[in-house]
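# Analysis of the macromolecular model
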There are 4 protein chains.
Amino acid sequence: MDFRPDEMTVAFADEARAFLDEHVLPAEPVLAKQIEDGPGDWTVRPVVRALQETAQERGLWNLFLPPGPHGYGGGLSNLRYAPVAELTGRSPRLAPAAMNCAAPDTGNMELLAHFGTAEQREAWLEPLLEARLRSAFCMTEPGTASSDASQIGTRIHRDGGEWVVNGRKWFATGAMNPDCKLLIVMGKTDPNGPRHRQQSMLLVPRDTPGVHIIRPLTVFGYDDRDHGGHAEILFEDVRVPAANLLGGEGDGFAIAQARLGPGRIHHCMRALGMAERALDLMRGRANDRVAFGGPLVRQGVVREWAADARVEIEALRLLVLKTAWLMDTAGNRAAMKEIQAIKVAVPRAVQRILDHAIQLFGAAGLTGDHPLAEMFAAARSLRLADGPDEVHAAALGKTELALEPLEGVAR
Amino acid sequence: MDFRPDEMTVAFADEARAFLDEHVLPAEPVLAKQIEDGPGDWTVRPVVRALQETAQERGLWNLFLPPGPHGYGGGLSNLRYAPVAELTGRSPRLAPAAMNCAAPDTGNMELLAHFGTAEQREAWLEPLLEARLRSAFCMTEPGTASSDASQIGTRIHRDGGEWVVNGRKWFATGAMNPDCKLLIVMGKTDPNGPRHRQQSMLLVPRDTPGVHIIRPLTVFGYDDRDHGGHAEILFEDVRVPAANLLGGEGDGFAIAQARLGPGRIHHCMRALGMAERALDLMRGRANDRVAFGGPLVRQGVVREWAADARVEIEALRLLVLKTAWLMDTAGNRAAMKEIQAIKVAVPRAVQRILDHAIQLFGAAGLTGDHPLAEMFAAARSLRLADGPDEVHAAALGKTELALEPLEGVAR
Amino acid sequence: MDFRPDEMTVAFADEARAFLDEHVLPAEPVLAKQIEDGPGDWTVRPVVRALQETAQERGLWNLFLPPGPHGYGGGLSNLRYAPVAELTGRSPRLAPAAMNCAAPDTGNMELLAHFGTAEQREAWLEPLLEARLRSAFCMTEPGTASSDASQIGTRIHRDGGEWVVNGRKWFATGAMNPDCKLLIVMGKTDPNGPRHRQQSMLLVPRDTPGVHIIRPLTVFGYDDRDHGGHAEILFEDVRVPAANLLGGEGDGFAIAQARLGPGRIHHCMRALGMAERALDLMRGRANDRVAFGGPLVRQGVVREWAADARVEIEALRLLVLKTAWLMDTAGNRAAMKEIQAIKVAVPRAVQRILDHAIQLFGAAGLTGDHPLAEMFAAARSLRLADGPDEVHAAALGKTELALEPLEGVAR
Amino acid sequence: MDFRPDEMTVAFADEARAFLDEHVLPAEPVLAKQIEDGPGDWTVRPVVRALQETAQERGLWNLFLPPGPHGYGGGLSNLRYAPVAELTGRSPRLAPAAMNCAAPDTGNMELLAHFGTAEQREAWLEPLLEARLRSAFCMTEPGTASSDASQIGTRIHRDGGEWVVNGRKWFATGAMNPDCKLLIVMGKTDPNGPRHRQQSMLLVPRDTPGVHIIRPLTVFGYDDRDHGGHAEILFEDVRVPAANLLGGEGDGFAIAQARLGPGRIHHCMRALGMAERALDLMRGRANDRVAFGGPLVRQGVVREWAADARVEIEALRLLVLKTAWLMDTAGNRAAMKEIQAIKVAVPRAVQRILDHAIQLFGAAGLTGDHPLAEMFAAARSLRLADGPDEVHAAALGKTELALEPLEGVAR
C-alpha cells in the first residue's frame, strides 16, 4: 500500500490548481456580473467560453474520460482524475464547465463513448468533447419514485422506422440552455418484460417536435441558469429515427447503472472540493472577524468545527480515492459497495461542513456574496441525486448484514 | 400546574385555524402566481391585501400586541398568542402578513408602543397597526459582528435641531418594498460612553435624502420579494428632526434588547408551525408515494423521522409556552434564560425536521412546488437572526455553570 | 394553561429536597462502604433501612401510588409525584429505595392494588407497602424478543388446583436479594388464543420448589447488588395454588401494559434527576478544574455542553409533566403517544448529558469515585427496558403518519 | 497511490486471522471461566500463557516493534502492523496479550528500546519482550488535568546517588498484577524549568519501598483484572539509583510525546477491530433474532446502522493506514495532525457502532454474555486516554485555522 500520488497525478493536480488560482477564482465575480446583466439568459456565459479556451491550451480538457477501446478519451484514470475533480469543486459554477468536466455532459459522453454507434459518436460525442453543444439526461420523473426504476412512466414504442416517446421528465439539468441540443431519455420499451429489461435509452434532439420545455425548476431558490438550469420536459408523441436507440432494446437499466457509478464518484470528488473551499473561507473569516474581544478563531466551538471538517474530509477523501482505485483496477461493478458508501457519506459530511461555515459567516453566509449558500444547496441536492441516501444506505446495510456474500459484492 | 388551554386561547386558535384552512392555504398558489407575474415587484401583493381584510373582519388582527399602558394593543398575552402564531407559521409567506403579525413590523410596533412619543405613535404606530404602511429595522451591519453591540459602526450625531446618520446596514427585511416608509435605525450617539449606553435608536423615513437602498440580498437563492426582501442600505449624511429619537439618547441597546425578547419567541412559535406543516406534508407523501413495493410509510427510517419530529415539536412547544407564560407573569427579563433556550433549540430542530421532509419528497422537496425548501431557508436563517445560536448557547452555558446565580437569572 | 406548581407539589418537593440534602446524599459514601465490606451480600443494606425510617417519619413514603378505589395508596397524582421522583433520581441507588418508591416494587405494588384479590393484597401488597419484603417482575426472556409479547416462551398450565410454570426468565431485577419473596411471572396459559389473550400473570413465591436462581447478570460491569441485582431464573415445574393468578386467565398482556405506563414515566422522571445531578457535578468540576491556564468553565465546548443539557432537560421535563397530567386527567391509555415520546426521548438525552459529564471529569468520570459512570449504565439500560427505543419510535411514527387517527390515540 | 497491501502484510494478517479463529476466539469462554474461578486474582491467566506459546511458535510475537537502530524489534512497520493490530482488537482481552502486543507494555518497550541504556534494556526490555514480566506507565494523576503536562504534581529530586519520588498516580493500567515489576514514572525534576523541560522519566521497580498500591479503579463497572486492572499508586519517598533515569534529565515530556504517537495509533487500530467484531455480532443477531414477524435484518433502522458502521469503519481505517504510512515514511512528528485526527474520530465512531450493536442485542448486549458492553467501556475510555478528545480536536482546529502553517505541521 502506498499513499504517495504518482508524478502524473501531481503534475495534473498542480496544473489544475494553478489554473484555478490564476484564472477560475478571479473569474467568479465576472460570472456573477454576466448573470446579473442577462436575467433571461440560460446559455453558457462568455467568461466560461474564455476559460474553456485557456483550459484546452493547458491540457486540462476532458480529463474525466479514461482512455477506452472506443478510441475517445485520453483522459485520466479515476484515481488520477480525483484530485483534479476535487479542485474543480472549489469553484463549482466555473471550473468543471471550464474544463469540459461538468455533469451531466460527462456522464452523457461516457455513455456515447461506451454504447454509442459510430454514427452516434460522430453526431453527438465529438461536438460534446469539443464543447460545441451541451446535453441533458432525462431519467427522473415528477410522478414516480425514480430510485425504483420499475416505476418509470415514460413510454417508448416502435412505429415503423421510428421510436415514439411519450412521458414527462424533470430535473433535466442543463436543458433550459438553448445550446443543449441532445436529450438522452430513459423510458420503457417493454413494460411487461423482466424488471430490469423493460427500459431503453434514446437519443432525442432537443428541437424534435413534441419536446415541450415546460418550465425551469428551482433548488432552494436557485435556478442554476449558468448551468442551463433544471427543466421539466413533456414528451408528446416525439418521433426519432430507429437508429437513435442507445445500446440495445432493454439495455436502459444497465446503461443507467453504468452511467451512475462514475457520475457518483465525480460528484463526491467535487463535493470534497466544496468542503475545502469552505474551510479556506472559514480560515479567513475566523482570523479576520472579531467579536467579544478577539478573533473568532479563539472560540472553542469554531476550532471544533474546523477539526471535525478536517477529519471528515481526510477520511472520506481516502475512501473516494480507494473507490476510484477499485474502479480502475477491478471495475465499476466490483466497487459497488464503495460507491454506495461514498454516495451516502460524502454529501452528508459536506452539507454539515457548509452548515458550519455559513454559521461562522453569519448572515453574510446566506447571501450571494460568498459561495457557501449556493454550495450548500448543491451538496443538499446530492443527497437526492441518483436516488436518496436512504435507498443506498439500506442496500449497503442489507449487503453488510447478509450471511452469505451477495452476488458480485466482496465483503 | 395545568396544561389545558383556557377558553379564550381555544377560541382564537380555532378561529385562526379556520381562517388558515378556508382562506390562507387556498391563497398560496394565488400568491405564487402574482409573484411570478410581477418579477420586478417588491410590494405587498393583492392577495395579501384581500386576506388582511378578511382577517380584520374575523378579529384576527394585531393579536401579537398585548394590551399595555400605552392604550394600544388589545391583542393577546404571549401565552394565548402562541397557538395563533404557530398556526401562522404553517403558511409563513401569507398568514403572518394577513393578520398583521409579521416581522419586522411587529417588533417595530412594540417599540413604538412602548417607547414612542404621542407624536411618534400617531405618525407611525397607528398606520402600522392598520397596515397602511410597512417598516424595517436597521441594526445588522455588513462589516461587524452584530451580536456584539459594542461594534456597531453607524454613527448618529447631533447637528443643531437634527440628527445626522452615517453608516451602512444590511438585512433590513422589508426595506425593498416601496410601501416601507419607516426605518428604525440603531447607531452610536456616544462611541466613548459606557458599553451599553453608546447606542441610540432613530426613526428615519425611508424617503429622507441620503438613504440609499443599495441592493436586495438573497437568502439561499430566495429574495423574499413578497415580504419586501432584505436590503442593504447606505446612510449618507441623513438628517432627521431631533424629535425622531426613539426613547432617550443612549437607550438604543436597552430598546433593542426589549425588542428582541418577544421577537425571538414569535420566531420560535412560527417555526413550530413550519414543522407541523412539514409533518402534514410528510403524512401525505408517506402514504401516497410508493417505492419498492409499498408506500413509504412502511419504511422504518420514515417512521423514525416522523417520531423524532413529533417528540421534538411536543417538547419544544411546551418550552415555548412556558417561556410565554414566564414573560406574561414575571416579565421578559425573568424569562431571559428560557428565551435563550428556545432561540437555540427550536430553529435547529425545525431545520432537522425540514431536512427530513425534503428527503422524503425527493427532488420535488427542493423546488418551489412545495413550501419545504423555502421554509428550510427560513429556519436556517433563524439560527443567525438576532445573533448566531452559538452566542446564545455560550451565554446560557455560562449562566448554567455559574457557581452563584448571575444577576437577574433564576437557576 | 398554568405552569406554576400548586402548593402541595411544592411542599412535597421541598420536603424531598431537604431529605435528599440532609440524609440521602451524605449516605452515599456509607452505602459504598457497606457494599465494599460485604462482597457476597445482595440484601438491602443497613443504611437504606435507616433512611427508610426517616423517610416514613417525614411522610415521604409510597408517594408513587395515587389513591385508588382499592383503598391503598394515598400517594400523589402523577403530576405532583413528578418533582419528587425526579429528586430521587439524583441519588438513584439510595433515594428511591429510601422512600419505598423503587422499581420494580412500585410497579408490582400497582398491579397488586389494581388487580389483586383481597387475599393477594393482604399477603403481598401490605408487606411491600411497608418494605418488609421485596419483589421482582419476571417478563423478559433470554431467548426471545421480549418487546413482541406473542413470543413469550414461558408456559403456565393448569393441573388440578394448581398452576404449573415452566420457562426461563432473566433481567428479574431485585431477585438476587434474599428479601425478595415474590416473583410476578408472565407466561402463556393459552398459546393458541388471540395474540393478546394468550398470556397470564402469576404470583410465585421465590422459595417455591423448582424456582432456580441461575445467576446474576451484569450491566456494563455493574451487578447492582445493592438493588438485588438482575437474575436469570429457571422455572422448572413450579407449582402454585390456583388462587395465585393475578387478574383473570388471559389478562396477562393487558396487565403488563397497565404496569408499563406508570413504570415508564417514573423511569423518565428519575432519569431527569440523574441529568440534574450530572449538571450539578459539571458545575463544580468546570469551576474547580484548571487546564491550560484557566478553569474549564472558560472553554466554549464546556459551555455548549451545559447549554445543551439545560435546554434538553427543560423541554423534556415539561413533556414528562404534561404526560403525567394527561395520565391523571384522561387516563393512561389516552397518554399512550406521550408515554412513547418520553420513553424514546428522555433516556437518549440523559445518556448524552452523562456522556458529556464523564468527558468533563476525565478518567475520574469512569470510576466509582463519582456516580456518573453508574448513572450512564442506568440511562443506557433504560433505552432497552420495556422494549428498545426503536420499537416505541416506530409505533409513534406509524401513529403520526396515519391518515386516519388510530384507535384510542388523539392526534 | 496503491491501495493493495503487499505480500508480507497479507501473510501476517492471514496468519493472525487464523490464530484468532483457531485459538483466540475459542479461548474467550475459557478466560471468562478462569476469571470467575479466581475472584481475587489479578495475574495473567493460564489461558493467556498458553496462547502466548502458540503465538510465539507462529511468529506472531512483538510485531508492534519496528526494527530500529537499537537492535531490538524485527517487528513490522506501522503500515504492515495495522491489519494485525486490528485483528487483535476483535478479541481485546486475549489477542493483544497473547501476541505480546498489549498496552501499556508495548509503549514501555518502545521507550526502553529508544531511550534505554544497555543496562536498562537488559534488565527490563528483554524480559518484557519475552513476556516474563509486565510493566505499567505512571503518568496520569488524580488531582490534576493530565492533558496539561505543566500541571504534573509528582516530584523527583536528586539525593546523592539516588532519585527520590513523591506523588500520587492513578490509571496505572496493569499495575495491580503482581507480575508487573516495572513502573515508568513521570515527574518533575525541575518545576521551575522551561514548561516542557521540567519533567523526567524514571524506572521504578514495583517492589521498591514507598510504592503503595492504594486501590484498583473501575471503568464503568469493570475492574479489568485480567489485564492487571488500573491502579492508584502513592509514591512516598521512593528511592531508586541514579542510573534509573530514562533518557536525560528534563527529557520526560519529549519521551512521553514519543510514546503517545504509536500508542494512539495502536489504540485506533484495535478499536476498529472491536467495531468489526461488533458488526460480525450484529450480522448474526440480525438474521437469527425474530420480532414482529421477521428477522431483525428486515428492519430499515437496523440496515441503516450496519451501513453507517461499514462506511465509518472503511473511511477511518484508510485514515489510520495513511497515518501509519506517514509515520513510517516521514516520521511520527510529521504525522502529528493525522494522529490527532484518528485519536478524535476513531473512538467516537466505534463507541457509536457499539452503542447500536448493544441496542440490536437488547438487554443481552448489556451483560457479560457478549463482549459488546465491555468493548463499549473500552472505546469510551479511549476518548479520555492520553487526553480528552476535545483537547486534541481543539489543537487540530487551531492548526487548521492558522493563517500560516504551524511549525512542523504540513497543511
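Numbering of residues begins from 1 in every chain and follows the order in which that chain's sequence is written. All chains are assigned letters beginning at A, and all ligands numbers beginning at 1, according to the order in which they are written. Residue-level local features of this predicted model are given only where pLDDT is at least 70; pairs of side-chain atoms are given and counted only at 80 or more, and the full residue set underlies all totals for whole chains, interfaces and linings.

Let us now look at the overall build of chain A. Counting its regular elements, chain A contains 11 helices and 10 strands. With the radius of gyration taken over C-alpha atoms, the globule rule is written as 2.2 Å times the number of residues to the power 0.38. Its C-alpha atoms give chain A a radius of gyration of 21 Å, within 12% of the compact-globule value 22 Å for 411 residues. Contact between residues is assigned whenever the C-beta positions, reconstructed from backbone atoms, fall within 7 Å. Excluding contacts between residues fewer than 6 apart, the proportion of contacts in chain A whose partners are at least 24 apart in sequence is 72%. Each helix is a run of H or I in the DSSP string that is no shorter than four residues. Each strand is a run of E no shorter than two, and both are numbered from the N terminus.

Right, let's get into the environment of D:Ala85. All names here are of chain D. Position of Ala-85 relative to the elements: it lies in helix 3 (residues 78-89). On the neighbour-count criterion, Ala-85 (29 C-beta atoms within 10 Å) is buried. Setting aside chain neighbours within four positions, we find Ala-85 in contact with Cys-101, His-266, Met-269 and Arg-270. The burial label depends on the number of other C-beta atoms within 10 Å of a residue's C-beta. Counts of 20 or more mean buried, 12 or fewer mean exposed, and intermediate counts mean partly exposed, with C-beta atoms placed from the backbone.

Contact with chain A, which involves 31 residues of that partner, is made by 31 residues of chain B. When contributions to the side of chain A that touches chain B are tallied by element, the ones reaching two or more residues are strand 9 (290-291) and helix 10 (372-382) of chain A.

Let's shift gears to the relation of the copies chain A and chain B. Least-squares superposition of the copies uses the C-alpha atoms of those residues scoring a pLDDT of at least 70 in each of them. Mapping chain A onto chain B is achieved by rotating through 180° and translating by 0.0 Å along the same axis, at an RMSD of 0.0 Å. Both chain copies can therefore be described as sitting about a two-fold axis. Among all C-alpha atoms of chain A, that of A:Gly221 lies closest to the rotation axis, at 2.1 Å. The fraction of interface residues of chain A whose copies in chain B are also interface residues reaches 100%, indicating that both copies meet through the same surface.

Looking now at the interface of chain D and chain A. Facing the 39 residues of chain D at the interface are 39 residues of chain A. Those elements giving two or more residues to the side of chain D that touches chain A turn out to be helix 7 (252-288), helix 8 (300-330), helix 9 (336-361) and helix 11 (389-401) of chain D. When residues of the side of chain D that touches chain A are assigned to their parent elements, the largest contribution, 15 residues, is made by helix 8 of chain D. Under the scheme applied, nonpolar residues are Ala, Val, Leu, Ile, Met, Phe, Trp, Tyr, Cys and Pro; charged residues are Asp, Glu, Lys and Arg; polar residues are all the others, including Gly. When its residues are assigned to classes, the side of chain D that touches chain A shows 25 nonpolar, three polar and 11 charged.

Of the transformation placing chain D onto chain A, the axial shift is 0.0 Å and the rotation is 180°, giving an RMSD of 0.0 Å. Take the interface residues of chain D: 100% of them recur as interface residues in chain A, which is what a same-surface contact looks like.

So, about the nonpolar core. Connectivity within a nonpolar core runs through C-beta atoms within 7 Å, and the core itself is a set of buried Ala, Val, Leu, Ile, Met, Phe, Trp, Tyr and Cys residues. Within the largest apolar cluster, 587 residues are counted, with the highest numbers of intra-cluster contacts made by A:Val320, B:Val320, C:Val320 and D:Val320. With near-sequence residues (within four places) excluded, A:Val320 lies in contact with A:Ala82, A:Ile265, A:Cys268, A:Met269, A:Leu272, A:Ile342 and A:Val346.

The subject of this paragraph is the domain arrangement of chain A. All names here are of chain A. Annotation comment: domain bounds sourced from an automatic or database domain assignment. Taken domain by domain, chain A holds domain 1 (7-129), domain 2 (134-251) and domain 3 (253-401). When each unit is reduced to the centre of its C-alpha atoms, the spacing between domain 1 and domain 2 is 24 Å. In this assembly, 19 residues from domain 1 lie in contact with 20 residues from domain 2. Listed by contribution, the elements that provide at least two residues to the side of domain 1 that touches domain 2 are helix 1 (7-37), helix 5 (105-115) and helix 6 (118-129). Considering every element that reaches the side of domain 1 that touches domain 2, the biggest residue donor is helix 5, with five residues. Partitioned by chemical class, the residues of the side of domain 1 that touches domain 2 number nine nonpolar, five polar and five charged.

UniProt positions are given in the numbering used here, feature names are shortened, and annotations may be inferred rather than shown by experiment. Mapped onto this numbering, the UniProt entry gives "domain: Acyl-CoA dehydrogenase/oxidase C-terminal" (unreviewed entry) at residues 250-398 of chain A. Each end of residues 250-398 of chain A is marked by a C-alpha atom, and these two atoms are 27 Å apart; helix forms 77% of the span and strand 3%.

With that out of the way, let us pick up the pairing of strand 4 (residues 180-188) of chain C. Residues and elements named next belong to chain C. Within strand 4, eight of the nine residues are buried, which leaves it mostly tucked inside the rest of the structure. Sheet topology note: the strand 1 (residues 134-138)/strand 4 ladder contains five bridges and is parallel. Opposite Cys-138, over in strand 4, you have Val-185 as the bridge partner. Relative to strand 5 (residues 199-205), strand 4 runs antiparallel, the two sharing seven bridges. Residue Leu-183 lies in a different strand from strand 5, and its bridge partner there is Val-204. Note on pairing: DSSP must find at least two bridges between two strands before they are called paired.

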